[in-house]
Amino acid sequence: MVDNIRIQVTNSLSDSISENQRLNQLQDSQERQSIIEKQISIQTKSLGLDEPWYSPKKISNSLLQIATLNLGNSRFFTTNDGSSSVNELIIEKLPNTILLFTTSSITVIVIGIILGSYLAKREGKISDKLVAGLASASLSVPPWWFSMIMIVLFSYLLQIFPARSTPLISPGAPGYFGDLLYHMTLPFITMVIIGFASSVYYTKYIVLRVIEEDYIKTLGIIGLPSRKILFKHALKNAGPQLMTMLGIGLTATLGGSILIEEIFDWPGMGNLFYNAVIQNDSPLIIGLVYFFTLLYLLTRLVLDLTLSFLDPRIRTGDE
Amino acid sequence: MGITIYTVLYIPAKERSEWNNPFFWINYPKNAAPAWVNYFLMPFQQQLPEHEIYSKNEAIVSSYSETDFKVDNHTFSYEFVYAQFPSGFSIPFSLEFGEIPPAVEITVKRPDGLEFVIYYNSLDSVPSVQNDIGSQLSNASNQQHELSQRVFSSSKEVIDSLIEYADLFNFSISDLPAEKIIFSETDSNIPLRGTYKFIFTTYSFDNDTILKELNLIIEGKVFGLLGTDEFRRDITFGIMIGTPVALLIGVAVASTATTIGLFYGLIAGYKGGKTGTLMVIIIDIFLSIPTMVLFIILSLNFGSSLLFLIGLFVLFGWPGLALINRTFSVQIKNYPYVEASKLMGESDFKVVLRHIIPQLVPFTLANFALAVPAAILAEAALSFLGFGDPSFPTWGQMLQDAHFSSAEILGYWWWILAPGLMISITSMAFILIGRSLEYRAKLSKKQ
């Protein structure tokens, strides 16, 4: 910051050197230097930059700026239009992240609900053990390592998908979206494979617990077809827990996305954050961390509200 | 576990520091696949060349004297039966000589009878030759000079002398590396199988010349159990020295975090009331932080020593465990026998120690086993991003090296597969242990 001011002051002085009579009279370069230093110190003081970082003035200033989403400019990164504003950078990368991670989490959950409720009906088969095994395996396999393996498989051995997921066509050009989707396929498949086993496992667990309740058994005795019981009654009652699963899945991808985006070179926020950390681009890091946290808290809030909407038992307030 | 014990016992700490030292690995091949790959390729007659190191003792020595100089021949015979070219060769030698420097010549005799002189150097010009790595001339006592040098297949001299044989080949050899010329058929650029003879000749003009060391290293495309990486490092070695570090991190983090979590949860649950609520709020604050982002920032700013990483994982590992323990201790607190012993006037401390902790121990053990893989995975992820402790090579760092050398695009699968598989197997083992402990704990609680 002080460096920026120094550059600014020097530039403005050298611009005005022909107009400013007083500056022209100074022949000695040392005298000029002292004037520049004086200007710098005046500006630093007026901006409050001479105080240490913990001074209340400085902290409240920067906190206020961040809270009002005035995140400043990045040092090294620009959008495709050439703007270096942190806000615009985030807005440019956010759709990509949402496109990849939200679609894959939702796919995982949908597969989980369909397969899980199907498997819940036929308990104790080999498929049960298979799903349980796959679920523990997917917990212990690092997702980013699995992505590397997928790149070796599909980009090197089979050569179906590109290894780098940044589209080659520049945004705005025709065919960009198709290219983006094509580049998205490999990370998408990877994330679905990583996620679906544990998703199926938990859905099965949740649905099984609901099915064992008395009222479902009663419905079976009344003579309703088992499919109708499953989809109309059991899934409805398992809804809140499934929602929790979805929310946890969504929030978990926010952190994990940094690694996966970095490996696939997907032009999303995680990749941006990683590059910002590597380049030590502090305004961008601060902005992204603030944004991550905001997104995280927002997801949890929405989750809690939806839960209380779905499950009236939560609403009563007392623990 | 076996690997850990072996590693701790047999590999001294000094060798751990050699991991990042390129000279230690100079005799190893570059980007070699595991040796067992050849067993799969055998049915197709497609074996890859193996890595071979010949020492001075394996050479056949013949010497004769001319009128004013002496000739020493060291002949290595190399059986080449593979379907692909080796990835290079290097010939390190060290000589001791007196006043008059000897001349050195390397000749290759091919199976089809052709003979290439690939290197000739009269060593008086040696001090000016600096493009060979490891070239050094030291002044020993009584005018004895010692010279260690290493002839690489990629050296300029080798390539320059091979250009002179260009008209023997029916194709252009100008852009090919030396090993693809020497081991090639003359009609087309495919490997020529048979016995090759590498002859190392010294022409000495006095009796002081002694050949101290001589090796022939044919760099193969397969090596060892797990192959080697871009920096010629043996991946088996890396896996082995990574094991104790990973387990140390896992166990240290898990034991500290479970202990803190146990007592924190106990106090929060047992006390209840305002203190309990406050303690739960603190837990909630910790749990609502996106940890990965914070890990990256903290390790970027505060260095990346192993101890710091362990502390970091503990700091963000205990709140989840504390929450579980709190729930249990609230339950147990309300059991009749606990209340009875309270009524009998036992102190809080004694109640907790004698009635609540024994109930929690099985669950704590299960949590311990489940916390180990979490720490291992977190460490691997952080080192993969480049925030690991560079003085302790871990599996995550190996994967980071692989990623930065774009191993996944170049297809060096052995470099990626092994470390990740080790991470997975280790975490899987702990997860299974944890699950079974949890299961038993639940069973014993029901009874």
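Residues numbered from 1 in each chain as written. Chains lettered and ligands numbered in written order. Predicted model: local features only at pLDDT ≥ 70, side-chain atom pairs only at ≥ 80, totals over all residues.

Overview of the environment of Glu-219 of chain B
Locating Glu-219 of chain B in the fold gives a position in strand β11 (residues 216–219). Sequence-wise, Glu-219 of chain B and Met-279 of chain B are 60 residues apart; in three dimensions their C-alpha atoms are separated by 62 Å. (Helix = DSSP H or I, 4+ residues; strand = E, 2+ residues; numbered from the N terminus.)

Examining the pairing of strand β2 (residues 60–65) of chain B
All names here are of chain B. Across the 6 residues of β2, 0 count as buried, placing the element largely on the outside. Taken together, the 6 bridges between β2 and strand β3 (residues 70–80) define a ladder with antiparallel strand orientation. When the bridges of β3 are listed, Ser-63 appears paired with Asp-72. (Buried ≥ 20, exposed ≤ 12 C-beta atoms within 10 Å, placed from the backbone. Pairing = 2+ DSSP bridges.)

Quick word on helix α7 (residues 143–157) of chain A
All names here are of chain A. Taking 1.5 Å of rise per residue, the 15 residues of α7 would be expected to cover 21 Å, and the 20 Å separating its terminal C-alpha atoms lies within 8% of that figure. Buried residues of α7: Pro-143, Trp-144, Trp-145, Ser-147, Met-148, Met-150, Ile-151 and Val-152, and no others. Where α7 ends, the next residue or the one after it, Gln-159, has phi of about 55 degrees, a positive value. (Expected span 1.5 Å × (residues − 1).)

Comments concerning the environment of Leu-95 of chain B
Residue and element names in this part refer to chain B. With respect to the helices, strands and loops of the structure, Leu-95 is situated in strand β4 (residues 88–97). A residue is classified by how many C-beta atoms lie within 10 Å of it, and Leu-95, with 22 of them, is buried. Separated by 52 residues in the primary sequence, Leu-95 and Leu-147 place their C-alpha atoms 5.2 Å from one another. For Leu-95, the residues in contact, after removing those within four places along its chain, are Pro-102, Leu-147, Thr-209, Leu-211 and Lys-212. (Contact = placed C-beta atoms within 7 Å.)

Looking at the sheet that holds strand β9 (residues 194–204) of chain B
Residue and element names in this part refer to chain B. In spatial order, the strands read β2-β3-β9-β5-β6; together these 5 strands make up an open sheet with antiparallel pairing. Because the sheet does not close on itself, it has two edges, and the strands there are β2 and β6 (115–122). In this sheet, adjacent strand axes meet at a mean angle of 15 degrees when their direction is disregarded. In terms of strand pairing, β3 meets β9 through 11 bridges, oriented antiparallel. Its bridge partner being in β9, Thr-75 is matched across the sheet by Ile-199. (Axes fitted to C-alpha atoms, helices over the stretch in contact; angles between N-to-C directions.)

Some details on the pairing of β4 of chain B
All names here are of chain B. Pairing of β4 with β11 involves 3 bridges; the strand directions are antiparallel. In the sheet register, Ser-90 faces β11, and the bridge partner there is Ile-217. Across 4 bridges, the pairing between β4 and strand β10 (residues 210–214) is antiparallel. Within the sheet, the bridge partner assigned to Ser-94 lies in β10 and is Glu-213.

Notes on the packing of helix α8 (residues 291–301) of chain B against helix α9 (residues 306–333) of chain B
Residue and element names in this part refer to chain B. Axis separation between α8 and α9 bottoms out at 11 Å; the angle between their running directions is 150 degrees. Classified by the interaxial angle, the pair formed by α8 and α9 is roughly antiparallel. Classified by chirality, the crossing of α9 by α8 is right-handed. Contacts from Thr-291, Phe-295, Leu-298 and Ser-299 of α8 reach α9 at Leu-309, Leu-312 and Phe-316. Split into classes, the residues belonging to the contact of α8 with α9 amount to 5 nonpolar, 2 polar and no charged. (Parallel < 35°, antiparallel > 145°, perpendicular 65-115°, else oblique. Left-handed = near helix turned anticlockwise from the far one by under 90°. Nonpolar A, V, L, I, M, F, W, Y, C, P; charged D, E, K, R; others polar.)

With respect to helix α6 (residues 235–271) of chain B
Residue and element names in this part refer to chain B. For α6, spanning 37 residues, the distance from its first C-alpha to its last is 53 Å, which sits close to the expected 54 Å at 1.5 Å a residue. Where α6 bends most, at Gly-242, the angle is about 25 degrees, and the proline Pro-244 comes one to four residues later. Just downstream of α6, Gly-272 is the residue with a positive phi angle, here 65 degrees. (Bend = angle between axes of the 7 residues up to and from the residue.)

Quick look at the interface of chain B and chain A
Each partner contributes to the interface: chain B provides 28 residues, whereas chain A provides 28 residues. Secondary structure elements with two or more residues in the side of chain B that touches chain A: α8, α11 (348–384), α12 (395–404), α13 (407–410) and α14 (413–446) of chain B. If one sorts the elements of the side of chain B that touches chain A by residue count, α14 of chain B sits on top with 9 residues. Residues that form the side of chain B that touches chain A fall into these classes: 20 nonpolar, 7 polar and 1 charged.

Focus: the confidence of the model for chain B
Residues and elements named next belong to chain B. Of all residues in chain B, 84% have pLDDT values of 70 or greater, and the mean over the chain is 75. Mean pLDDT in chain B bottoms out at strand β7 (residues 136–139), which sits at 46, and peaks at α6, which reaches 85. Counting interchain partners and residues more than four positions distant, the pLDDT-below-50 stretch residues 126–142 has 22 contacts. Scored by ipTM, the complex comes to 0.72, with pTM at 0.74. (pLDDT = per-residue confidence, 0-100.)

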